[in-house]
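Structural overview for review
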Amino acid sequence: QIQLVESGGGSVQAGGSLRLSCAAAAYTLNCMAWFRRAPGKEREKVARLDITGITDYADFVKDRFTISRGNADKTVYLQMNSLKPEDTAIYYCAAVFCGSWRPMFWGQGTQVTVSS
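Residues numbered from 1 in each chain as written. Predicted model: local features only at pLDDT ≥ 70, side-chain atom pairs only at ≥ 80, totals over all residues. Heavy atoms only, no water.

1. Thoughts on the overall build of the chain
Along the backbone of the chain there are 0 helices and 11 strands. Its helices and strands taken in sequence order, the chain reads β-β-β-β-β-β-β-β-β-β-β from the N to the C terminus. Relative to the globule expectation of 13 Å for 116 residues, the C-alpha radius of gyration of the chain, 13 Å, shows essentially globular dimensions. The 116 residues of the chain split such that 42% are buried. A separation threshold of at least 6 residues defines the contact pool for the chain, and within that pool the share at least 24 residues apart is 55%. For the chain, the exposed surface amounts to about 6200 Å²; the carbon and sulfur share of it is 47%. Between the mean site of the 13 positive side-chain charges and the mean site of the 10 negative ones, the chain shows a separation of 3 Å. (Helix = DSSP H or I, 4+ residues; strand = E, 2+ residues; numbered from the N terminus. Rg over C-alpha atoms; globule rule 2.2 N^0.38 Å. Buried < 20%, exposed > 50% of the residue type's maximum accessible area, 1.4 Å probe, protein only. Contact = heavy atoms within 4.5 Å. Areas by Shrake-Rupley, 256 points an atom, 1.4 Å probe, with all protein chains shown as cover. Lys, Arg positive; Asp, Glu negative; His and termini not counted. Charge placed at Lys NZ, Arg CZ, Asp CG, Glu CD.)

Here you go:
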């Protein structure tokens, strides 16, 4: 399988910001998404980006998070602002079938911890 590598996670206080990165070698990142999984919860959709540039966000992150693509189409970012403790989770990027949230393959995840 093609591997995606996430980075940029860490620990911040509520109201802080982080930028997550997702990179792949020998693969152009077209239709991509970010998911997250908090302790004791199932996976949640976070943000999605189509090759056309159209985005889709979960309601609970809209206006706080922004998904974007690097110039070389080898890196996808998730800018997270105004973080809340409930955002604490492992965040995963995935290549998805265009126009959907259905993943083709995943990265291994990066931990985000937001303290009160």
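And the narrative resumes.
2. Here we look at the side chain of S21
With respect to the helices, strands and loops of the structure, S21 is situated in strand β3 (residues 18–23). Once residues within four sequence positions are removed from consideration, S21 is found in contact with V5, E6, S7, W34, T75, V76 and Y77.

3. With respect to the environment of S7
Following the sequence through the fold, S7 ends up in strand β1 (residues 5–7). Residue S7 is classed as partly exposed on the basis of its relative accessible area of 38%. A C-alpha to C-alpha distance of 15 Å links S7 and S68, two positions 61 residues apart in sequence. Those residues within four positions of S7 in sequence are excluded, and the remaining contacts are R19, L20, S21 and T110.

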